[in-house]
Amino acid sequence: MSLAINRENYFWHKLHSLTGIIPVGFYMLQHLTLNSFAFDSPEKFNGVVGFFETLPKHFLLVLEIVAIWLPLLFHAVYGLFIANRGEVNYFNKKYGWSQNRMYTFQRWSGIFLFLFLAYHIATTTIAKYMTGNIKVIEFAAWHEKLTQYGYIFLVIYALGVLTASYHLCYGIWNFCIRWGITISDKAQERIQKFSFGMFIVVTLLGWAALFGFLRHNPSEVSVSNESEAVHVMNFPLPQFPFA
Ligand code: HEM
Ligand code: HEM
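### Re the packing of helix 5 (residues 57–85) against helix 6 (residues 98–131)
Here comes step 1: Their axes nearest at 10 Å, the elements helix 5 and helix 6 cross at an angle of 140°. It follows from the interaxial angle that helix 5 and helix 6 lie oblique. Note on packing geometry: the crossing formed by helix 5 with helix 6 is left-handed. Facing Ala76, Gly79, Leu80 and Ala83 of helix 5, the residues of helix 6 in contact are Arg107, Gly110, Ile111 and Phe114.
Here comes step 2: Across the contact of helix 5 with helix 6, the residue classes tally to five nonpolar, two polar and one charged.

See the structure below:
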């Protein structure tokens, strides 16, 4: 019986590990890359949002369910079980050093991500389907959301990006060890450096998107003629008083 449970855990744990990279990790990388178009201009960001709307409705829905929602739901729910079950070595003086600490942070970041993504998906994709209005996820809506209420949502999103980036990049390092991709000490050192570099790049990519929503003012852009569009290139923080 206990053997059966262990086997089952082994399988689900491996599947959990795999879904973190494929498809969820890949989805996040392309998602933040496309979102970073906001850094360039509102038109570029709205162009990305609009592109997905040009896909046939049934195709988009099936793609979202199979490639994003189901794998993410499984990874998130099983991840909560693991996080709940995991030993917190950070608090154990005997192991109170960086590796265990980073491992513990990965589990905490999973819990934070669960809450962040529940809010994020409810206010983007689900809001779009419920209202039938694509404007809720366009540039102007982001600009408004991130600059209101004393920038609280900007802080939440900056933390969401940072946490997701840490969770994925530390996860890649762990994944390579778990799947026997990096065996020698040298290989493990190399993947450690790669993961750290990737953490910096992915975080900056997400933050570039957020900065783009502040940097440009949607009301001052001519949508009909991009070449004549007037962008507010200065960081507009002083224009928005804290709540
Ligand atoms: C710079 C910060 C972010 C911005 C501006 C942003 C923007 C968006 C937008 C506009 C949508 C709606 C897409 C649509 O329905 O067509 C969306 C959905 C989504 N976002 Fe983000 N996002 C950000 C950060 C993140 C992060 C860090 C993750 C973590 C993985 C994430 C995961 C998701 C997921 C899973 C969906 C649902 C996708 C779908 O069902 O099509 N987002 N996001
Ligand atoms: C939505 C909430 C999430 C929760 C609750 C969660 C939870 C977890 C936990 C607890 C682990 C550690 C597993 C272990 O100790 O063996 C983990 C690993 C991992 N997660 Fe997540 N996660 C979430 C979202 C994400 C997202 C959005 C991504 C991708 C961007 C992701 C990618 C990974 C990767 C790559 C690993 C490493 C797999 C391994 O150790 O082999 N997770 N997750």
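### Here's the deal with the site of ligand 1
Here comes step 1: With respect to spatial proximity, 23 residues lie near ligand 1, and among them Met28, Thr124, Thr125, Ala164 and Ala209 are the closest.
Here comes step 2: For the shell around ligand 1, the element with the most residues is helix 6, which contributes six residues.
Here comes step 3: A breakdown of the residues in the shell around ligand 1 according to their chemical character gives 14 nonpolar, seven polar and two charged.

### Examining the environment of Gly20
Here comes step 1: By the secondary structure assignment, Gly20 is in helix 1 (residues 2–21).
Here comes step 2: Overall, Gly20 belongs to the buried group, with 22 C-beta atoms counted inside 10 Å.
Here comes step 3: Apart from residues no more than four positions distant in its own chain, Gly20 is found in contact with Gly25, His75, Gly171 and Phe175.

### Regarding the site of ligand 2
Here comes step 1: Ligand 2 sits among 27 residues. The nearest are Ser17, Gly20, Gly79, Gly110 and Gly171.
Here comes step 2: It is helix 8 (residues 152–178) that provides the largest number of residues to the shell around ligand 2, a total of eight residues.
Here comes step 3: Split by residue class, the shell around ligand 2 holds 15 nonpolar, 10 polar and two charged.

### So, unusual backbone geometry
Phi is mostly negative for residues that are not glycine, and the peptide bonds are mostly trans.
Here comes step 1: In this model, Ile22 is joined to Pro23 through a cis peptide bond whose omega is 5°.
Here comes step 2: The residue Pro23 is located in the loop between helix 1 and helix 2 (24–35) in this model.

### Comments concerning helix 4 (residues 42–54)
Here comes step 1: With 13 residues, helix 4 ought to run about 18 Å at 1.5 Å a step, and its terminal C-alpha atoms sit 18 Å apart, in line with that.
Here comes step 2: All buried positions along helix 4 are accounted for by Pro42, Phe45, Asn46 and Val49.
Here comes step 3: Considering only its buried residues, helix 4 is in contact with helix 3 (37–40) and helix 7 (139–147).

### What to know about the confidence of the model for the protein
Here comes step 1: With 82% of its residues at a pLDDT of at least 70, the protein reaches an overall mean of 87.
Here comes step 2: Below pLDDT 50 for its whole length, residues 1–5 participates in zero contacts with residues either more than four positions away or in separate chains.
Here comes step 3: Contacts from residues 222–243, a stretch scored under 50 in pLDDT, to residues over four places away or in other chains number 26 contacts.

### Observations regarding the environment of Tyr170
Here comes step 1: Summarising the element assignment, Tyr170 is placed in helix 8.
Here comes step 2: C-alpha of Tyr170 to C-alpha of Met198: the two residues are 28 residues apart in sequence and 9.5 Å apart in space.
Here comes step 3: Sequence-distant contacts of Tyr170, that is, excluding residues within four places in its chain, are made with Met102, Gln106 and Ser195.

### Concerning the packing of helix 7 against helix 9 (residues 185–215)
Between two packed helices, what matters for the description is the angle formed by their axes and the separation of those axes.
Here comes step 1: Where helix 7 contacts helix 9, the axes come no closer than 9 Å and their chain directions differ by 95°. Taken as axis vectors, helix 7 and helix 9 run roughly perpendicular relative to one another. Of helix 9, the residues touching helix 7 (which contributes Trp142, His143, Leu146 and Thr147) are Leu210, Phe213 and Leu214.
Here comes step 2: A class-by-class count of the residues in the contact of helix 7 with helix 9 yields five nonpolar, two polar and no charged.

Cut-offs and rules
The numbering scheme is per chain: residues are counted from 1 as the chain's sequence reads. Chain A is the first chain written and ligand 1 is the first ligand written, with later ones labelled in order. Under the rules for a predicted model, residues below a pLDDT of 70 receive no local features and side-chain atom pairs below 80 are neither given nor counted, while totals for whole chains, interfaces and linings still include all residues. What counts as an axis is a line fitted to C-alpha atoms, over the stretch in contact for a helix, and the angles between N-to-C directions run from 0 to 180 degrees. Per the convention used, a helix needs a DSSP run of H or I reaching at least four residues, while a strand needs a run of E reaching at least two, with both numbered from the N terminus. Any angle between 65 and 115 degrees counts as roughly perpendicular, while under 35 counts as roughly parallel, over 145 as roughly antiparallel, and the rest as oblique. Less than a right angle of anticlockwise turn of the near helix away from the far helix marks a crossing as left-handed, whereas a clockwise turn marks it as right-handed. Distance between backbone-placed C-beta atoms decides contact: two residues are in contact if it is within 7 Å. Amino acids are sorted into nonpolar (Ala, Val, Leu, Ile, Met, Phe, Trp, Tyr, Cys and Pro), charged (Asp, Glu, Lys and Arg) and polar (every other residue, Gly among them). Proximity of a residue to a molecule or strand is defined by its backbone-placed C-beta atom lying within 6 Å of that partner. For the exposure call, what matters is how many other C-beta atoms sit within 10 Å of a residue's own: 20 or more marks it buried, 12 or fewer exposed, and in between partly exposed, using C-beta atoms placed from the backbone. The span one expects for a helix is its residue count, reduced by one, times 1.5 Å. One confidence number per residue, pLDDT, is output by the predictor and ranges from 0 to 100.

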